[in-house]
Amino acid sequence: QQWVDYTGLTLEESYGHGWNTPFHPEDQRRAWDSWQKALNNNAIYSVESRLRRKDGVYKWWLVRGVPMLDVNGEILKWFGTCTDIDDIKLAEETLRKSEERYRKFFEDDLTADYLSTPEGVLLDCNPAFIKMFGFNSLEQAKANPMQSLYVNLTDRDDLMVRLQSAKKLEILKMIMRSEKRQVINIIQNAVGVFDESGKLVEIKGYMIDDTERMSLEEQFHQAQKMESVGRLAGGIAHDFNNLLTIISGHTFMAERNLDSRDPIQAD
């Protein structure tokens, strides 16, 4: 009776293959193929599909059919059930969209994001991470342990020790290297993922390449040093020039008072 009430079909309309008519047009072929496969193999029929309600609205159902066999293994009849799974499918769709949004955010993020195990196995990373460290693909990145990216392994060890106690670390400055052994100055935020027993099971990291900024900062500092030296040299030259002016002036006045035949005139 629940089938009749839901679909709006009478029992007579449901007989034969009439039970297949409420299936959503996009699901009918798949449902029918699954039915034929179960029929040919005397197997349980099970399919998730949208069924039309009598008011025209489609909802998700789990449709199952269990064959009853005779002594010769031939099918005598089928026992069918329809279970309402619309809320479950809605939750799955919501979760899928949420995961898609997270994945898009992860993929589009300009920082180099990664997920790894405490042992250094890279589980996932975004394109920015692959580009930063000079890998050609996600597979190549995963083939390299995280330890191989650190110039000083003590930085990695310090990260693990501090993360275990602090759970979350911010603005860590460290030196790392690319797949081609190029040095990269990194600023990293790291978040630990822990199980119920408090054991660190995963590390989520977010990295920024600070190499160019540090290079520009070093150039600026060098320019400041040169400017300071220039000012110092300019000041000394100015002071020395003042002394020379005084010496030249007194020499000129002394020269005027000397007899032109005086031997000191040449000095």
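Residues numbered from 1 in each chain as written. Predicted model: local features only at pLDDT ≥ 70, side-chain atom pairs only at ≥ 80, totals over all residues. Heavy atoms only, no water.

**Quick word on the environment of Thr7**
Okay, step 1: Among the structural elements, Thr7 can be located in helix 1 (residues 2-7).
Okay, step 2: Given the relative accessible area of 6%, Thr7 is considered buried.
Okay, step 3: The spacing of Thr7 and Arg64 is 57 residues in sequence and 17 Å in space, taken between C-alpha atoms.
Okay, step 4: Once residues lying within four places of it in the same chain are set aside, the contact partners of Thr7 are Pro22, Arg52, Arg53 and Lys54.
Okay, step 5: Here Trp3 takes part through its backbone oxygen, which lies 2.8 Å from a polar atom of the side chain of Thr7.
Okay, step 6: A distance of 3.1 Å separates the side chain of Thr7 from the backbone nitrogen of Leu9, its partner in a polar contact. (Helix = DSSP H or I, 4+ residues; strand = E, 2+ residues; numbered from the N terminus. Buried < 20%, exposed > 50% of the residue type's maximum accessible area, 1.4 Å probe, protein only. Contact = heavy atoms within 4.5 Å. Polar contact = N/O pair within 3.5 Å; in protein donor to acceptor, adjacent residues only side chain to side chain.)

**Section: the packing of aromatic side chains**
Okay, step 1: According to the stated counting rule, one finds eight aromatic pairs in the structure shown.
Okay, step 2: Look at Trp19 and Phe23: their rings are 5.9 Å apart centre to centre, the planes differ by 75 degrees, and that puts the pair in the edge-to-face class. The burial state of Trp19 is the same as that of Phe23; both residues are buried.
Okay, step 3: Through successive ring pairs, a cluster of aromatic residues spans Trp19, Phe23, Trp35, Tyr45 and Trp78.
Okay, step 4: Looking at Lys89, its charged tip hangs above the ring of Trp60, at a distance of 4.6 Å from the centre. (Phe/Tyr/Trp six-rings, centres within 6.5 Å; stacked < 30°, edge-to-face > 60°. Lys NZ or Arg CZ within 6 Å of the ring centre and 35° of its normal.)

**Topic: the sheet that holds strand 3 (residues 75-84)**
One key point about sheets: their strands pair by backbone hydrogen bonds, in either a parallel or an antiparallel sense.
Okay, step 1: Read across the sheet, three strands follow the order 1-2-3 without closing on themselves; strand pairing throughout is antiparallel. Only two strands of the sheet have a single partner each, and these edge strands are strand 1 (45-52) and strand 3. Along the sheet, successive strands turn relative to each other by an average axial angle of 30 degrees, direction set aside.
Okay, step 2: As paired elements, strand 2 (residues 58-69) and strand 3 share nine bridges and run antiparallel to each other. In the strand pairing of strand 3, Trp61 is matched with Asp84.
Okay, step 3: Packing of helix 3 (residues 25-41) onto the sheet brings it into contact with strand 1, strand 2 and strand 3, and relative to strand 1 it is tilted by some 155 degrees. (Pairing = 2+ DSSP bridges. Axes fitted to C-alpha atoms, helices over the stretch in contact; angles between N-to-C directions.)

**A few points about helix 7 (residues 153-166)**
Okay, step 1: The end-to-end C-alpha distance of helix 7 is 20 Å, a good match for the 20 Å that 14 residues give at a rise of 1.5 Å each.
Okay, step 2: Within helix 7 the residues assigned to the buried category are Arg156, Leu159, Met160 and Leu163. Angular distribution of buried residues about the axis of helix 7 spans 95 degrees; they occupy a single face of the element. Within helix 7, the exposed residues directed more than 90 degrees away from the buried face are Thr154, Val161 and Ser165.
Okay, step 3: Phi for Lys167, located one or two positions after helix 7, is positive at around 70 degrees. (Expected span 1.5 Å × (residues − 1). Arc of directions from axis to C-beta.)

**A closer look at the pattern of salt bridges**
Okay, step 1: Following the criterion strictly, the structure yields 14 salt bridges and no others.
Okay, step 2: Of the charged contacts in the structure, one is a salt bridge between Arg30 and Asp27, with a shortest N-O distance of 3.3 Å. With Arg30 and Asp27 both in helix 3 and three residues apart, the pair spans about one turn of that helix.
Okay, step 3: Between Asp259 and Arg261 there is a salt bridge whose closest N-O contact spans 3.3 Å.
Okay, step 4: Overall, the relative accessible area of 41% leaves Asp259 in the partly exposed class.
Okay, step 5: Among the charged side chains, a network of salt bridges with common partners joins Glu26, Asp27, Arg30 and Arg50. (Salt bridge = Lys/Arg side-chain N within 4 Å of Asp/Glu carboxyl O.)

The values are spatial; any link to function lies outside them.
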